[in-house]
Amino acid sequence: SRLKQEIAEKAEKMKDESGATIWKCKDCGKVFKRKHKLDLHIETHLEGFSHPCQTCSREFKTRKSLSCHNLLVHREKKEKKETVDVKKEPSPEFAEAEQEQNEKLRVEIFKRMEKIKDSEDGTMWRCTECGKLLKKKDKLELHVETHIEGFSHSCSYCDKIHKTRTALKMHIITIHKGAN
């Protein structure tokens, strides 16, 4: 397909210092250990592709964003698994540190956002890192977080670490089946 062809054109197979195969995005230089992760990443650079939701017809730029949409919006209650994962109660110190980190993260997010007045679209929000424009401020906050380094979010079920709050949420939905 044209999508696979364009992804292949932007992927570069390489070896790291230890001789292990790694994959590099030719557009931005980001490196991945697994090719399918690179393929998903490359889609964010491509133009002219859309992936419609079969349930509500909303269109998405990438297959991953469509998949996340389906999990978050159309996930059936019956899909919840029968066994329940046990959420660990954080210590008061951990909870306080997490709250402090989230406040620092919000400051970093807002440093990278700009409110724009558009005569046709009204108020828009722009990511100062890459220029992405969105109508909804909360959606741009989630996007901007992907640019920020130095913050991590650990799963309270299995301690796996994630770079963004959205990645953590998707992990809990997919791995722990949305356990509460």
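Residues numbered from 1 in each chain as written. Predicted model: local features only at pLDDT ≥ 70, side-chain atom pairs only at ≥ 80, totals over all residues. Heavy atoms only, no water.

Participant: Would you mind going over the nonpolar core with me for this structure?
Facilitator: Across soluble globular proteins, nonpolar side chains have a tendency to be buried as a group. Counting 10 residues, the largest nonpolar core consists of Leu3, Ile7, Ala11, Trp23, Cys25, Phe32, Leu38, Ile42, Leu46 and Phe49. Elements with a minimum of two residues in this core: helix 1 (2-9), strand 2 (21-25) and helix 2 (35-43). Setting aside its immediate chain neighbours within four residues, leucine 46 contacts Leu3, Glu6, Ile7, Lys10 and Lys61. Listed in part, the 9 residues of the second largest apolar core include Ile109, Trp125, Val144 and Phe151. (Core = buried A, V, L, I, M, F, W, Y, C linked by side-chain atoms within 4.5 Å. Buried < 20%, exposed > 50% of the residue type's maximum accessible area, 1.4 Å probe, protein only. Helix = DSSP H or I, 4+ residues; strand = E, 2+ residues; numbered from the N terminus. Contact = heavy atoms within 4.5 Å.)

Participant: Help me understand the layout of surface pockets in this model?
Facilitator: Where empty space is left can be seen by rolling a probe of water-molecule size over the atoms. The space that makes up the largest pocket amounts to roughly 2,700 Å³. In terms of lining, the largest pocket is formed by 50 residues, of which the most central are Thr44, Lys64, Cys68, Thr146 and Thr166. Breaking the lining of the largest pocket down by element, the ones donating at least two residues are strand 3 (31-32), helix 2, strand 5 (59-60), helix 3 (63-73), helix 5 (137-145), strand 10 (161-162) and helix 6 (165-175). Take the lining of the largest pocket: its biggest share by element is 10 residues, from helix 6. Grouping the amino acids of the lining of the largest pocket by side-chain chemistry returns 17 nonpolar, 17 polar and 16 charged. (1 Å grid on protein atoms, 1.4 Å probe; cavity = no way out; pocket = protein on both sides within 12 Å on 5 of 7 lines; lining within 4 Å. Points joined across faces, edges and corners; volume = space filled by probe spheres on them. Nonpolar A, V, L, I, M, F, W, Y, C, P; charged D, E, K, R; others polar.)

Participant: I'm lost on the sheet that holds strand 8 (residues 133-134) in this one. Help?
Facilitator: Strands in a sheet are paired, the pairing made by backbone hydrogen bonds, and the direction either parallel or antiparallel. Reading across the sheet, the 3 strands line up as 6-7-8 and stay open at both edges, with antiparallel pairing between neighbours. Here the strands that pair on one side only, and so sit at the sheet edges, are strand 6 (113-118) and strand 8. Helix 5 rests against strand 6, strand 7 (122-127) and strand 8 of the sheet, and its axis sits at about 5 degrees to strand 7. (Pairing = 2+ DSSP bridges. Axes fitted to C-alpha atoms, helices over the stretch in contact; angles between N-to-C directions.)

Participant: Whenever I open this one, the side chain of glutamate 141 confuses me. Can you help?
Facilitator: The residue glutamate 141 is located in helix 5 in this model. At 3.4 Å, the side chain of glutamate 141 and the side chain of arginine 106 are in polar contact. With residues up to four places along the chain from it excluded, the contact list for glutamate 141 reads Arg106, Ile109, Phe110 and Met113. (Polar contact = N/O pair within 3.5 Å; in protein donor to acceptor, adjacent residues only side chain to side chain.)

Participant: Even after reading the chapter, I still don't get the packing of aromatic side chains, so can you show me in this structure?
Facilitator: Given two aromatic rings, their pairing is described by the distance between the two centres and the angle made by the two planes. Under the counting rule described, the total for this entry stands at 0 aromatic pairs. One cation-aromatic arrangement involves lysine 35 over tryptophan 23; the distance from NZ or CZ to the ring centre is 5.6 Å. (Phe/Tyr/Trp six-rings, centres within 6.5 Å; stacked < 30°, edge-to-face > 60°. Lys NZ or Arg CZ within 6 Å of the ring centre and 35° of its normal.)

Participant: What is the right way to look at helix 5 in this model?
Facilitator: Because each turn of an α-helix spans 3.6 residues, side chains separated by three or four positions end up pointing in the same direction. Residues of helix 5 that are buried include every one of Leu140, Glu141, His143, Val144 and Glu145, and no others. Buried residues belonging to helix 5 abut helix 4 (92-111), strand 6, strand 7, strand 8, strand 9 (153-154) and helix 6.

Participant: Teacher, can you tell me more about the pattern of salt bridges here?
Facilitator: Side-chain pairing between opposite charges can occur once the charged atoms of the two side chains come close. The full count for this structure, using the stated rule, is 13 salt bridges. The salt bridge involving lysine 61 is made with glutamate 47; its shortest N-O contact spans 3.3 Å. Here lysine 61, found in the loop between strand 5 and helix 3, pairs with glutamate 47, found in the loop between helix 2 and strand 4 (51-52); they are 14 residues apart in sequence, far enough to count as distant. Residue classification places glutamate 47 among the exposed positions, given a relative accessible area of 59%. Each of Glu108, Lys111, Arg112 and Glu129 takes part in salt bridges that share partners, so that together they form one network. (Salt bridge = Lys/Arg side-chain N within 4 Å of Asp/Glu carboxyl O.)

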